[in-house]
Amino acid sequence: MGAPSRLAGSVLVRSAGLSSAAVTVTVGKPGLVQARQGRGAGAMAGGSAGLPKRLGTLLSGLLECGAFCGLIFGWASLVFVLKDLQYFKGWCQPALDPNGTEPLDCRPQDEQFSLVFTIGSFMNNFMTFPMGFIFDRFGTTVARLIAISLYTGGTLLVAFSTPELAVLLFPAMSMLSVGGILLILTNMQVGNLFGKYRSIIITLYNGAFDSSSAIFLIIKVLYGHGLSLRTMFLFMAACSAWHLLRTLFLMPRTRIPYPLPPTYNYGLRCPGRSRSYRTYEEKRPPGEAGPEETPLEPVPPRGAAAPPAVPFAACACSARFAWHVAWLSVLQLRHYFFIGTLNPQLQRLAHGDAGLVSTYTNAFAFTQLCGVLCAPWNGLILDRHKRGKAPHPDGALGALADLQASVLSLVVTVVLGLLFSIAAAVPVLPVQFGTFVLQVLSRSFLYGGNAAFLAIAFPPQHFGKLYGLAMALSALVALLQYPCMAMVQGPLQGDPFYVNLGLIAVVLVAFVSPVVVARECRRQAKELGAAGTPLAAPPGAESPDKATH
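Quick notes on the rules
- Residues numbered from 1 in each chain as written.
- Predicted model: local features only at pLDDT ≥ 70, side-chain atom pairs only at ≥ 80, totals over all residues.
- Heavy atoms only, no water.
- Core = buried A, V, L, I, M, F, W, Y, C linked by side-chain atoms within 4.5 Å.
- Buried < 20%, exposed > 50% of the residue type's maximum accessible area, 1.4 Å probe, protein only.
- Contact = heavy atoms within 4.5 Å.
- Disulfide = S-S within 2.5 Å.
- Helix = DSSP H or I, 4+ residues; strand = E, 2+ residues; numbered from the N terminus.
- Salt bridge = Lys/Arg side-chain N within 4 Å of Asp/Glu carboxyl O.
- Expected span 1.5 Å × (residues − 1).
- Axes fitted to C-alpha atoms, helices over the stretch in contact; angles between N-to-C directions.
- Parallel < 35°, antiparallel > 145°, perpendicular 65-115°, else oblique.
- Left-handed = near helix turned anticlockwise from the far one by under 90°.
- Nonpolar A, V, L, I, M, F, W, Y, C, P; charged D, E, K, R; others polar.
- Phe/Tyr/Trp six-rings, centres within 6.5 Å; stacked < 30°, edge-to-face > 60°.
- Lys NZ or Arg CZ within 6 Å of the ring centre and 35° of its normal.
- Patch = residues over 30% accessible without salt bridge, like charges linked within 9 Å, V, L, I, M, F, W, Y side chains within 5 Å.
- Areas by Shrake-Rupley, 256 points an atom, 1.4 Å probe, with all protein chains shown as cover.
- pLDDT = per-residue confidence, 0-100.

W75, L229, F233 and Y467 are the most contacted members of the largest nonpolar core, which has 119 residues in total. Not counting the four nearest positions on each side in its chain, W75 is found in contact with L82, F113, V116, F117, M173 and F216. With seven residues, the next largest nonpolar core counts C484, M485, V488 and L503 among its residues.

Written out as C-alpha cells, the structure is:
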C-alpha cells in the first residue's frame, strides 16, 4: 500500500459540538480506525509526559528562576558588601568642609557602582534580542547551554575579583544578566504544559525572576557572618551542574508546542522527538507499519499554497507592538533608576547612618522575595475568562477573548507604576517601606504581564524574537538612567526629587498601550460580528492586518 493510502495521524478535530474536546484519530492498517476522545485541557496536557514529570519541570523551573535568573536586581545589597571590601575606593576624593576637616567625597565611587548596574541591566535587556533568535532558531538546549556558560563565567569573575580588579564587575554583571534572562526565556514555555493555567505560570516564573534579587541579600547576610564573597560565588558557579542536568532531563530539545499534542514528551529519554507542533509515536513493534502522527498544523497537499502566516516584520512594525514597547520602556526606566540610586538615596535620607541604611536595604531585599507571590495575581487577571463553566472559545474568538483580558492587566500595571513613582518621590525615610511594597508589586506585574501579553497578542513562532526585540528596545531607553543619575550626583547635589517628578510624567505615557489594545479589540469584535465567527483557527494564524493594526 502506497504512502498516501497509509495516511496515519493524530489530528485535533474541533467542531461546534466539540469546541473543548480533543479527538485523536489513528488510522493504521486498512479498515482499522480508532478514536480516542479527551475532554478539555486534560486531553491537551495529559500526553506521554505524565503529571509528575510536568510538575517536576514546573517546580525545578520555579527554583531556577527564583535563585539564579534576576540576580542583578539585588544590586543594592551587593553594593553594601562591595563598599565594605573597598571596591572602587580609589575614586573617593577629599572634600574640605566648613569645619576644616577633609572627609572623603565618595560620589564618584557611587557613580562607578551605578555604571556597573546600568551596563548590566542594559545587557540584560539588549542581548535578549539575539538570544531570542537563537532560541527560536536552535531551540532550548542550545540556548540553555549558552546561558549556563554565561552564568558560570559571571560568577567566577566575581569570585576572583578584588578591590584592585574591581573592573571585573563590569563583564561579570553583564554575563550574569544575559545568562539569567536567557534561562527565564527558555523556562516560560513550561506554561504550555498546563493548558488554561498558561498565563498564571508565565507570570509566576517572572515573579520568581524578581524574587531572585534577594539572593544578594542572602550573600550580604552571610558576609556579615564571616563567609567570604569568593566562597559564596564559587558555590554559585558549582550550581551550574544542576542547570545542566535539568537541561538534559526536564527540558525539551527544541520548544514545547502550544496547544500541547496529546502524546507529547520531552527530555533525554526521547531524543530528537520534542519538535514544536509535531509529535511522534516513540515505540513501534519491529516491521509493523504503525501509526505516525501528522503535524498539528496540517501540511498542505503538494502543489497547494501554504496557509498565510503572519511574518515577523508585520508583528514588529505593528502599532500594537510599538506601544507595548513604550509601555515596557517607561515603566522599566522608572524601576532601573530607583534600584540604581537606592543606596545613595538611603544614605542621604538616613544622614549617613550605616545602621539605618543596612536596615532599609534589608527591608528592600526582603520585599523582593514577595515577587513570586505577587506576579500570579496578574496571571489570574489574564486567565479570568477561562475559569467559568462555559468552554473557552477557539480560533479567532478565543484569541480575541485573550486579548480583551489583557487590557485590564495593562491598566493595572500602569496604575501600580504610577503609585510607585509618586511614593518614590517623597523624600521621607519611613515612606520608603511603602515604596518598597509598591515597587515589588509594580515590577512583578510589569515583567510577567510583558511576557504574557506577547504570548497572547502575537503568533507563538515569533515569541522569542518579539520578546527579545521588546527587551532590546526598552534597554536603549533604560540607558537614560545614567544621565539621570549623573544629573542627580552633579547639578542636583544628590537630591533626585526633580528627576522623580519628571519620571512621574513619563510614566503617564504607558496608558496609551491599553487604549490602543482596547480599540483593536472593539474593531476585531465588529469584524467578527460582520463576517461571522469562525469555528476554528490555528493559534496565531490571524490575518496579517489584524496583527499589524
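Another aspect to go through is the state of the cysteines. Chemically, a disulfide is nothing more than a covalent bond linking the sulfur atoms of two cysteines. If you walk through the whole model with that rule in mind, you get one disulfide. The residue that forms a disulfide with C92 is C106, at a sulfur-sulfur distance of 2.1 Å. Taking the torsion about the S-S bond as the criterion, the C92 to C106 disulfide, at about 115°, is right-handed. Residue C92 is found in the loop between α3 (75-84) and β3 (93-94), and its partner C106 is found in the loop between β4 (104-105) and α4 (107-126); the two are separated by 14 residues along the sequence. Judged by its relative accessible area of 10%, C92 is buried. C69 takes part in no disulfide bond, and the closest cysteine sulfur, belonging to C65, lies 4.2 Å away. What makes C69 buried here is its relative accessible area of 2%.

By the element assignment, S174 lies in helix α7 (residues 169-187). For S174, the contacting residues outside a window of four places in its chain are I119, G120 and M123.

This paragraph deals with the environment of L217. Mapped onto the secondary structure, L217 falls in helix α9 (residues 215-224). Taking the C-alpha atoms as reference points, L217 and S77, separated by 140 residues in sequence, lie 5.3 Å from one another. For L217, the residues in contact, after removing those within four places along its chain, are S77, N362, A365 and F366.

Another aspect to go through is the pattern of salt bridges. Under the defined criterion, the tally for this structure stands at nine salt bridges. In this structure, E64 engages R144 in a salt bridge whose closest nitrogen and oxygen atoms are separated by 2.8 Å. With E64 in helix α2 (residues 51-69) and R144 in helix α6 (residues 140-159), the pair connects residues that are 80 residues apart, well separated along the chain. The exposure class assigned to E64 is buried, which follows from its relative accessible area of 0%. Its relative accessible area of 0% is what places R144 among the buried residues. Through salt bridges with shared partners, a single network forms among E64, R144 and R246.

Between the first and last C-alpha of α7 there are 27 Å, a value that for 19 residues agrees with the 27 Å anticipated at 1.5 Å per step. Summarising burial for α7: 17 of the 19 residues are buried, a large majority.

Direction vectors running N to C along α2 and helix α11 (residues 240-249) enclose 150°, while the axes themselves pass 11 Å from each other. Classed by the angle they form, the pair α2 and α11 counts as roughly antiparallel. Helix-helix and strand crossings are classified by hand; for α2 and α11 the assignment is left-handed. The segment α2 lies against α11, with K53, T57, S60, G61, L63, E64 and F68 engaging W242, H243, R246 and F249. Residues belonging to the contact of α2 with α11 are distributed by class as follows: four nonpolar, four polar and three charged.

Bringing the side chain of T186 into the picture now. Following the sequence through the fold, T186 ends up in helix α7. Assessed through its relative accessible area of 0%, T186 is described here as buried.

Taking 1.5 Å as the rise per residue, helix α16 (residues 371-382) with 12 residues should run 16 Å; its terminal C-alpha atoms sit 17 Å apart, in good agreement. Considered for burial, the residues of α16 that qualify are G371, C374, A375, P376, N378, G379, I381 and L382.

As a further point, take the packing of aromatic side chains. For the structure shown, the criterion picks out 24 aromatic pairs. Measuring from centroid to centroid gives 6.4 Å for F73 and F117, while their planes differ by 80°, and the two rings are edge-to-face. Remark: F117 occurs in helix α4 and F73 occurs in the loop between α2 and α3; sequence separation between them is 44 residues. What makes F73 buried here is its relative accessible area of 1%. Judged by its relative accessible area of 0%, F117 is buried. An aromatic cluster of at least three residues, connected via ring pairs, comprises F338, Y360, F364, F420, F433 and F436. The side chain of R320 reaches across the aromatic face of F458, ending 5.6 Å from its centre.

Right, let's talk about a nonpolar patch on the surface for a bit. A contiguous nonpolar patch, built from L145, L244, L245, L248, F249 and L268 and spanning about 510 Å² of accessible area, is present on the exposed surface. With respect to the secondary-structure elements, L244 resides in helix α11.

Another point: unusual backbone geometry. With phi around 75°, Q86 is a residue other than glycine that occupies positive phi space. Relative to the elements of secondary structure, Q86 occurs in the loop between α3 and β3. Among the residues examined, Q86 registers a relative accessible area of 39% and is labelled partly exposed. Phi is positive for F88, close to 60°, though the residue is something other than glycine. With respect to the helices, strands and loops of the structure, F88 is situated in the loop between α3 and β3. According to the relative accessible area criterion, F88 is buried, its value standing at 8%.

Any two packed helices are characterised by how steeply their axes cross, that is the angle between the axes, and by the distance between the axes. For the pair α6 and α11, the least separation of the axes is 10 Å and the interaxial angle reads 180°. Relative to α11, α6 is oriented roughly antiparallel. Listed contacts from α11 to T141, R144, L145, I148, Y151 and T152 of α6 are S240, H243, L244, R246 and T247.

A word on the confidence of the model for the protein chain. This prediction gives the protein chain a mean pLDDT of 79; 77% of its residues lie at or above 70. Within the model, the stretch residues 1-47 combines pLDDT values under 50 with 88 contacts to residues more than four positions away or in other chains. Confidence drops under pLDDT 50 across residues 270-307; counting only partners more than four residues distant or on other chains, this segment forms 60 contacts.

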